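# Topology and contacts: notes
Okay, here's what each chain looks like letter by letter:
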Amino acid sequence: MRGFGIDFGTTNSVVAVCDSSTQRVSPLLDSGGFPHPSVVWLRADGTVIVGRKAKNNLNSYADQAGNAFIPSIKRQLGKGKTYRIFGQPKTATEIAKEIFIHLRKHAKDQHDLSVDAATVTIPVYFDGSSRRELREAADQAGVFIKTFVHEPFAAVVGYCYSGDSGRLEQLEGRNILVFDWGGGTLDITVAAIRSGRMVQLSRGNLNDRAGDYFDHKLHQLTYSRFLDRVNLRPPDVRLGPSAKDRYLAECERAKITLSAVEAERLEVAQAVQCDHRVYDIDQSVTRGDFESLIQLDVKDALGEVDRAVEEARLTGREVDLVLLIGGSSLIPLVQREMAERFGARIVHVPNAATIIAEGAALIDSLGMQPVLARSVGVRLADESFYEVFPAGTMAKPDICQKTINFFCTDNRDGEAKIILLERMEQKELTKPQVLSVPVSSELPKKHADHERVVVDFKLDQDLVLHVTAKAATQAKGGSLAVHDLLFALNTREGWAR
Amino acid sequence: MNSSIQVASNIMIDDERHKPHSRFIPGDFFAQIYPEMLNPEFSHLWMTPRQIREYKQYLICQLCHRTCAGSCGLKPAGT
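Residues numbered from 1 in each chain as written. Chains lettered and ligands numbered in written order. Predicted model: local features only at pLDDT ≥ 70, side-chain atom pairs only at ≥ 80, totals over all residues. Heavy atoms only, no water.

## Here we look at the pairing of strand β3 (residues 24-28) of chain A
Residue and element names in this part refer to chain A. Definition in use: Two strands pair if DSSP finds at least two bridges between them. Secondary structure elements follow DSSP: runs of H or I of four or more residues count as helices, runs of E of two or more count as strands, with numbering from the N terminus.
Of the pairings in the sheet, the one linking strand β2 (residues 12-19) to β3 comprises five bridges and is antiparallel in character. The residue of β3 that forms the bridge with Val15 is Leu28. Where β2 folds back on β3, the antiparallel hairpin that results is connected by four residues, among which Gln23 adopts a positive phi of roughly 60°.

Written out as structure tokens, the structure reads:
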């Protein structure tokens, strides 16, 4: 038996496979040993290219007729976005589907593995509509999503099973900070494991300021230095169309290398054209140059870390474990600054680019399940809280379904108001969501029962709670979908394995 | 538009613990349905303290002629 995990990322996507008997996990990387870039290249002749080849040609063909490139499609999921490509409408789901097809095909062709069902990771902020569109995309590609799991939770599970990191049950009662700075975004999550449940306490993020943005900054810096050095002035100078792709790829390579060495050379052959002459770019850059370039971004990132720790009502000392994952967390400046705050509690994850997919494969293989992080219930007319699903209930459609009979205590305005809440440790944590359904506004008969309202609570497979209600005397009822319930991960299945 | 108005719930669990239903309705609504049961000497027998409080809040004050719930501070002449 095998378990599969898919990290469908903004910049890169990875599938990992876990052998259920040995719990050995392997990421299925591309031929260069890297995750698959989440870039889709559509051509007018119907060809679809996904991954490294699409990324490497993004700037070369982007302006040419008959070519359309869509990077970072993950950001558009759940927004109902439709692209117009070669005169035809194409939804974000249809584009995301191409990435799943690519990952599935690669697993089959290169590793002879059939990825028909998997656990798929999502950011904590991914709401019900985003989850639904992601599931549709996977379904259309022939991948059944068994369950969704939050990316930072998958990272913690991946860490616990890699090397001699220690077992998951040893983290019981601990607070964990996951600092995930990849190519597209920075996601910070403060989580805790309590009674075997991994639950998010707070989060922070920086959008659009991550690895890809740093590549562009490095490109701008080195290009202007090169032009100064060879005494070329921008109006007469042109960067060849394919040169920009090669240049950005070279910047990415140099950025990665600068984490290990103090200086690096950027070399792009036949990149610049000026007065019928073609120049090769050959420019050196030091780690100091790069770090001053991103200093403000790192400062903002650390500000987000402090804010997230404070929001979790913890001090820096109460954070027991810090996982640095994502390529950008390997930058020495980031590591130094984080070390100043958290010292020896920082874990440098060697498989930072694939740990989320690996954790998801383990979760799939071990059968860990998402559970409700908080109690879900309704507020009654006497202001008390009626618990419909207690915290820790397994978030499965066949378990999270209930029908409850209520009566309307005051029908004078012709409406019954059902107020939904999430609660943890006696505190109501979310802004209540209100479902109003019509009831008869006639004065109730003396000594008789008041109007009954039947309410159905049902969680779907995308972890969206549907609440439908109808009064006994009325033909029409009402419904409400709650997209932002908070989920935890039940880790007990993974203990002592 | 943001609003600070809080919506109050008007539902209650329909089970044996919550019967008769009339004990869980607002006091002023009780008064509308059962005006004959408002005698101050006996109302506590079928109304909860909360219902009595709510009912009184909606009575028109004979001194200030508003639903002041005793907050007007006026006293009858001669007292």
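## As for the interface of chain A and chain B
Just so we agree on the cut-off: By definition, residues are in contact when any of their heavy atoms lie within 4.5 Å. A simple way to read buried area is as the amount of 1.4 Å-probe accessible surface that goes missing from two parts once joined, with both sides added. Throughout this description, the term salt bridge denotes a Lys or Arg side-chain nitrogen within 4 Å of a carboxyl oxygen of Asp or Glu. Think of a polar contact as two N or O atoms within 3.5 Å of one another; within protein, one of them needs to be a possible hydrogen donor and the other a possible acceptor, and neighboring residues in sequence only count if both atoms come from side chains.
Between chain A and chain B, the contact holds 29 residues from the first and 25 residues from the second. Of the roughly 2700 Å² buried where chain A meets chain B, counting both sides, 59% is carbon and sulfur surface. Applying the counting rule to chain A against chain B returns three salt bridges. One salt bridge connects Arg452 of chain A with Asp14 of chain B, and the closest N-O pair in it is separated by 2.2 Å. Our enumeration of links across chain A and chain B arrives at 15 residue pairs in polar contact (both at pLDDT 80 or more). Elements that contribute at least two residues to the side of chain A that touches chain B include exactly β23 (401-408) and β24 (415-424) of chain A. Bridge count for β23 of chain A against strand β1 (residues 11-13) of chain B is three bridges, and the pairing is antiparallel. Following the sheet pairing, Cys408 of chain A is matched in β1 of chain B by Ile11 of chain B.

## Observations regarding the packing of aromatic side chains
Here is the rule we go by: Stacked, tilted and edge-to-face pairs are distinguished by plane angle, under 30 degrees for stacked and over 60 for edge-to-face with tilted covering the rest, among Phe, Tyr and Trp rings (Trp via its six-membered ring) whose centres lie within 6.5 Å. Burial classes follow relative accessibility: with a 1.4 Å probe on protein chains only, a residue under 20% of its type's maximum area counts as buried, one over 50% as exposed, and anything between as partly exposed.
Taken as a whole and judged by the stated rule, the model has 11 aromatic pairs over all chains. Taken together, a centroid distance of 6.5 Å and an interplanar angle of 70° make the contact between Phe407 of chain A and Phe24 of chain B edge-to-face. On the criterion of chain membership, the pair formed by Phe407 of chain A in strand β23 and Phe24 of chain B in the loop between β1 and α1 (27-33) is interchain, its members lying in two chains. For Phe407 of chain A, a relative accessible area of 0% puts it in the buried group. Put simply, the rings of Phe179, Trp181, Tyr213, Phe214 and Phe290 of chain A pair up and form one aromatic cluster.

## Focus: the pattern of salt bridges
All names here are of chain A. By the definition in use, this model includes 32 salt bridges over all chains. The salt bridge partner of Asp462 is Arg132, with a shortest N-O separation of 3.8 Å. With Asp462 in the loop between β27 (452-459) and β28 (465-471) and Arg132 in helix α4 (residues 128-140), this pair connects stretches of sequence that are 330 residues apart. Residue classification places Arg132 among the partly exposed residues on the basis of a relative accessible area of 28%. One salt bridge in this structure joins Asp364 and Lys146, with 3.1 Å as the shortest N-O distance. Taken together, the residues Asp364 in helix α10 (residues 355-366) and Lys146 in strand β11 (residues 144-150) connect sequence positions 218 residues apart. Note on Lys146: relative accessible area 44%, which makes it partly exposed. What you see here is one network of salt bridges that share partners, running through Arg132, Arg135, Asp460 and Asp462.

## Regarding a nonpolar patch on the surface
Cut-off, in case you're wondering: Nonpolar side chains (Val, Leu, Ile, Met, Phe, Trp, Tyr) within 5 Å and like charges within 9 Å form the patches, drawn only from residues with over 30% relative accessible area and no salt bridge. Only the protein chains shown count as covering a residue, and every accessible area follows the Shrake-Rupley method with a 1.4 Å probe.
Side chains of Phe42, Leu45 and Trp46 of chain B sit close together on the surface and give an oily, nonpolar patch of about 290 Å² of accessible area. Along the chain, Phe42 of chain B turns up in the loop between α1 and α2 (43-46).

## Notes on the sheet that holds β27 of chain A
In plain terms, the rule: Axis definition: a line fitted to C-alpha atoms, limited for helices to the stretch in contact. Angles are taken between N-to-C directions and run from 0 to 180 degrees.
Judged by pairing direction, the sheet is antiparallel, and its five strands sit side by side in the order β29(A)-β28(A)-β27(A)-β23(A)-β1(B) without closing on themselves. Each edge of the open sheet is held by one strand with a lone partner, namely β29 (478-482) of chain A together with β1 of chain B. When strand polarity is set aside, the average angle formed by the axes of neighbouring strands in this sheet is 30°. Where β23 of chain A lies against β27 of chain A, seven bridges are found, and the strand directions are antiparallel. In the strand pairing of β27 of chain A, Asn405 of chain A is matched with Val454 of chain A.

## So, the sheet that holds strand β17 (residues 277-286) of chain A
Backbone-to-backbone hydrogen bonds pair the strands of a sheet. The strands run either parallel or antiparallel. Residue and element names in this part refer to chain A. Ordered by their spatial adjacency, three strands build an open sheet running β15-β16-β17, and the pairing between neighbours is antiparallel. Each end of this open sheet is capped by a strand with a single partner; those strands are β15 (238-239) and β17. Across nine bridges, the pairing between strand β16 (residues 263-274) and β17 is antiparallel. Looking at the pairing, Val272 lines up with Tyr279 of β17.

## Some points on the environment of His447 of chain A
Mapping His447 of chain A onto the fold places it in the loop between β26 (433-438) and β27. Separated by 346 residues in sequence, His447 of chain A and Ile101 of chain A have C-alpha atoms that sit 64 Å apart. The contact partners of His447 of chain A, leaving out residues within four places of it in the chain, are Tyr34 and Met37 of chain B.

## Regarding the packing of helix α8 (residues 287-311) of chain A against helix α9 (residues 332-342) of chain A
Residues and elements named next belong to chain A. Defined as follows: Less than a right angle of anticlockwise turn of the near helix away from the far helix marks a crossing as left-handed, whereas a clockwise turn marks it as right-handed. In this count, Pro and Cys sit with the nonpolar residues alongside Ala, Val, Leu, Ile, Met, Phe, Trp and Tyr, while Asp, Glu, Lys and Arg are called charged and the others, Gly among them, polar.
Direction vectors running N to C along α8 and α9 enclose 35°, while the axes themselves pass 8 Å from each other. Taken as a pair, α8 and α9 cross one another with a handedness that is right-handed. Packed against α8, whose contacting residues are Arg287, Glu291, Ile294, Gln295, Val298, Leu302, Val305, Asp306 and Val309, the element α9 presents Pro332, Leu333, Val334, Arg336, Glu337, Met338, Arg341 and Phe342 at the interface. Residue classes in the contact of α8 with α9 are distributed as 10 nonpolar, one polar and six charged.

## Here we look at the confidence of the model for chain B
For any part of a model where pLDDT is low, the fine detail of the predicted coordinates should not be relied upon. All names here are of chain B. So the rule is basically this: Values of pLDDT, ranging from 0 to 100, describe the predictor's confidence in every residue of the model.
Looking at chain B as a whole, its pLDDT mean stands at 85, while 94% of the residues score no less than 70. By mean pLDDT, the top-scoring element of chain B is β1 (95), and the lowest-scoring one is α2 (86). Reported confidences for the modelled complex are a pTM of 0.81 and an ipTM of 0.82.

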